[in-house]
Amino acid sequence: MPGRAEFARFYFSEKVLAVAEELLGVKRTEGGEEPLVMELFNLLVAPETKDFKLRWHRDDIPETAGPEEELKLLESKSPQGKQSHAQYNLALCPDASLIVVPGSHRRVRTEAERKADPYEPDMPNQLVVELQPGDAVFYDSNILHRGVYRGKPEGGEETRLTLHGSIGLKGVSGNEADKKVRATAVLQHGVGAWVHRDDAAFGVGERAEKMRANLVAMGTGEGVGYSLQG
């Protein structure tokens, strides 16, 4: 795609990867094994003509899960409390689309959260994440969150142009069930179908290729299914 190298230079930049390493509790050593896995990178945009809202959700845990199942799934995504990936939004224009409930990535939903309307506009303790161009927010997708998009006024400015990326931690657990949770979250988007090809190399340095190789090792994604339905 046009501009692919520019996107790659940003995604694999040491500034971005250093934040991911800090959040994931790892540090790459010169000549050592690459601890990070290339995952996802895309652009979130608002609709051209109308407002759009997402339901409250966690990226990989269905809203139908009871407290016991929910806790089990949270633990499988972050074994021993160790975050298995770092997700981020970087705004290219003023953006207040992301709404989160701080701290909810470490616990099951409260009774109020469980009974709330899927589009509840005022969830207890919610926080609207306001970003200016160039601001970035890193977060765990286990957090209870939603997106609220304002349509672009005719002839007006864009209301959301947000670079959305995810960087994973290699070998977070040897447990096959934990591996499948992470593989499903990443490979459900189709990246495994092309990332292994010879022409998929990024040409922006050795580290990018090692992170790509770590993703290739996760498989093609055939038969992994989807984290959420509907």
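These numbers were taken from a predicted model, which means no experiment stands behind them.

Peer 1: Please clarify how the overall build of the protein chain should be interpreted in this entry.
Peer 2: Assigned secondary structure in the protein chain consists of 6 helices and 8 strands. Each helix and strand of the protein chain, placed in order from N terminus to C terminus, yields the pattern α-α-β-β-α-β-β-α-β-β-β-β-α-α. Considering the protein chain as a whole, with its 230 residues, one finds that 42% of them fall into the buried category. A total of about 12500 Å² of accessible surface is found on the protein chain, and carbon and sulfur atoms cover 54% of it.

Peer 1: Just to check I follow, could you spell out the nonpolar core for this structure?
Peer 2: Most often, soluble globular proteins keep nonpolar side chains buried together rather than apart. Among the nonpolar cores identified, the biggest contains 21 residues, and Tyr11, Phe12, Leu36, Met38, Ile167, Met211 and Leu215 are the most heavily contacted of them. Secondary structure elements with two or more residues in this core: helix H1 (4-11), helix H2 (14-24), strand S1 (36-45), strand S3 (85-91), strand S8 (161-169) and helix H6 (206-216). For this core, the leading source of residues is H2, giving 4 residues. Dropping the residues within four chain positions of it, leucine 36 is found in contact with Leu17, Glu21, Leu24, Val26, Ile167, Gly168, Arg207, Met211 and Asn214. Counting residues in hydrophobic clusters, the runner-up holds 8 residues, among them Ala91, Val129, Tyr139 and Ile143.

Peer 1: I would appreciate a short explanation of the sheet that holds strand S6 (residues 136-139) in the present structure.
Peer 2: Remark on secondary structure: sheet strands pair via backbone hydrogen bonds, oriented parallel or antiparallel. Strands sit in the order S1-S8-S3-S6 across an open sheet of 4 strands; the sheet is antiparallel. Of all the strands in the sheet, the pair left with one neighbour each is S1 and S6. Strand-to-strand, the axes of this sheet are offset by a mean angle of 15°, without reference to chain direction. Pairing of S1 with S8 involves 9 bridges; the strand directions are antiparallel. Bridge pairing links leucine 44 to threonine 162 in S8.

Peer 1: What am I meant to see in the pairing of strand S4 (residues 95-100) here?
Peer 2: In regular strands, side chains alternate between the two faces of the sheet. Of all 6 residues in S4, 5 are buried, a share of seventy percent or more. Two strands pair when backbone bridges link them, and S4 and strand S5 (residues 127-131) are joined in this way by 4 bridges, in the antiparallel orientation. If you follow aspartate 95 over to S5, its bridge partner there is leucine 131.

Peer 1: Would you take a moment to explain helix H3 (residues 67-77) for this structure?
Peer 2: Each α-helix turn comprises 3.6 residues. Residues three or four places apart therefore point the same way. Where H3 is concerned, the buried positions are Glu70, Leu74, Ser76 and Lys77. Down the axis of H3, the smallest arc covering the buried residues is 160°, so these residues share one side. Exposed side of H3, more than 90 degrees from the buried face: Glu68 and Lys72 are the residues found there.

Conventions used here
- Residues numbered from 1 in each chain as written.
- Predicted model: local features only at pLDDT ≥ 70, side-chain atom pairs only at ≥ 80, totals over all residues.
- Heavy atoms only, no water.
- Helix = DSSP H or I, 4+ residues; strand = E, 2+ residues; numbered from the N terminus.
- Buried < 20%, exposed > 50% of the residue type's maximum accessible area, 1.4 Å probe, protein only.
- Areas by Shrake-Rupley, 256 points an atom, 1.4 Å probe, with all protein chains shown as cover.
- Core = buried A, V, L, I, M, F, W, Y, C linked by side-chain atoms within 4.5 Å.
- Contact = heavy atoms within 4.5 Å.
- Pairing = 2+ DSSP bridges.
- Axes fitted to C-alpha atoms, helices over the stretch in contact; angles between N-to-C directions.
- Arc of directions from axis to C-beta.

Read these as spatial facts, not as claims about activity.
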